[in-house]
Amino acid sequence: KRAEYALLLTQAIDKCYLEHKTDSLILTAVNFYKQQSDKNQKAKSYFYLGRVYQDNNNILGAIKAYLNAIEMLPTNKDLKVLIYDNLAACYKEQNQYEKAMEMYKKSYFISSLQKEDNTILHSIRGIASIYSLQDSLQIALDYYQKALLLLENENESMWTSTIYCDMARVYEANGKYIIAQKYINQSLKNAPT
């Protein structure tokens with residue numbers, strides 16, 4: 001029960017965007033579940049250990065925890081997507097763009113099989129950001145357009161605003177300030193109140 005409580009509380013803290021202060025709580029869950037046979041619970045406990053480390057800027061610890069989570073071969077596809085997305089973000093922060101791209105593409109593949117637009121959007125945005133960092137600006141813009149197509153019939157003002165803002169950054173980086181301004185205006189127009 002303590003391990004389950006530790007895992008659920010860590011998960012709740014994470015979902016409320018509160019800062020994880022220490023790993024002692026989640027380590028209770030990790031130490032318990034690594035002795036159990038439930039692969040999803042093992043993977044979930046390692047995933048949240050990674051989130052705690054990521055929050056505390058221990059990127060190498062987070063990468064190790066996420067790799068341990070993947071090693072558990074979880075069957076929960078939503079959990080796999082979260083693991084790959086967060087692992088990609090860690091690699092991106094370490095300027096390991098090829099590894100980040102590989103993880104975002106794995107996340108995208110799983111998300112597209114599930115046909116869940118929200119998780120697909122995270123993956124697409126991640127892929128586009130890596131292309132942008134690698135100066136493949138047109139490919140980045142193509143991915144952002146793909147995201148906008150997914151959002152076309154959705155009432156997701158926050159996502160739409162975010163994608164337009166990302167596109168503005170790409171145009172700005174390319175020295176196309178007038179077009180960048182156009183996308184900033186679109187971002188502001190779609191920004192939720």
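One structure accompanies this document, and this report is about it. (Residues numbered from 1 in each chain as written. Predicted model: local features only at pLDDT ≥ 70, side-chain atom pairs only at ≥ 80, totals over all residues. Heavy atoms only, no water.)

## Notes on the layout of surface pockets
- By volume, the largest pocket is sized at about 1000 Å³.
- If you go around the largest pocket, you meet 30 residues; those closest to its centre are Asp85, Asn86, His122, Arg125 and Trp159.
- Breaking the lining of the largest pocket down by element, the ones donating at least two residues are helix H1 (2-15), helix H3 (39-55), helix H5 (77-93), helix H7 (117-133) and helix H9 (157-173).
- Counting residues per element, the lining of the largest pocket draws most heavily on H7, which supplies eight residues.
- Classifying every residue of the lining of the largest pocket by side-chain character gives 12 nonpolar, nine polar and nine charged. (1 Å grid on protein atoms, 1.4 Å probe; cavity = no way out; pocket = protein on both sides within 12 Å on 5 of 7 lines; lining within 4 Å. Points joined across faces, edges and corners; volume = space filled by probe spheres on them. Helix = DSSP H or I, 4+ residues; strand = E, 2+ residues; numbered from the N terminus. Nonpolar A, V, L, I, M, F, W, Y, C, P; charged D, E, K, R; others polar.)

## Re the pattern of salt bridges
- Tallying each qualifying case throughout the model produces five salt bridges.
- We note a salt bridge from Asp14 to Arg51, for which the minimum N-O separation is 3.0 Å. Taken together, the positions of Asp14 in helix H1 and Arg51 in helix H3 put the pair 37 residues apart, joining distant regions of the chain.
- By relative accessible area, Arg51 is classed as buried at 15%.
- Put simply, Asp14, Arg51 and Asp55 are held in one network by salt bridges that share partners. (Salt bridge = Lys/Arg side-chain N within 4 Å of Asp/Glu carboxyl O. Buried < 20%, exposed > 50% of the residue type's maximum accessible area, 1.4 Å probe, protein only.)

## Some thoughts on the nonpolar core
- Formed by 59 residues in total, the largest nonpolar core has its most connected members in Ile26, Leu49, Tyr66, Tyr144, Ile163 and Met167.
- For Leu49, the residues in contact, after removing those within four places along its chain, are Asp23, Ile26, Leu27, Val30 and Ala65. (Core = buried A, V, L, I, M, F, W, Y, C linked by side-chain atoms within 4.5 Å. Contact = heavy atoms within 4.5 Å.)

## What about the side chain of Lys42?
- If you trace the backbone, Lys42 turns up in helix H3.
- Put simply, Lys42 is tucked away with no salt bridge, and the nearest opposite charge, on Asp38, sits 8.4 Å away.
- Sequence-distant contacts of Lys42, that is, excluding residues within four places in its chain, are made with Tyr33, Lys34, Gln36, Ser37 and Met72. (Lys, Arg positive; Asp, Glu negative; His and termini not counted.)

## Brief notes about H9
- For H9, with 17 residues, the first-to-last C-alpha span of 24 Å sits near the 24 Å given by 1.5 Å per residue.
- One or two residues past the end of H9 sits Gly175, with phi positive at roughly 80°. (Expected span 1.5 Å × (residues − 1).)

## Some points on the side chain of Thr119
- Here Thr119 lies in helix H7.
- Engagement of the side chain of Thr119 in a polar contact is seen with the side chain of Ser111, the distance being 3.2 Å.
- Discounting chain neighbours no more than four positions away, the residues touching Thr119 are Val81 and Ser111. (Polar contact = N/O pair within 3.5 Å; in protein donor to acceptor, adjacent residues only side chain to side chain.)

Treat this as a map of the structure, not an account of what it does.
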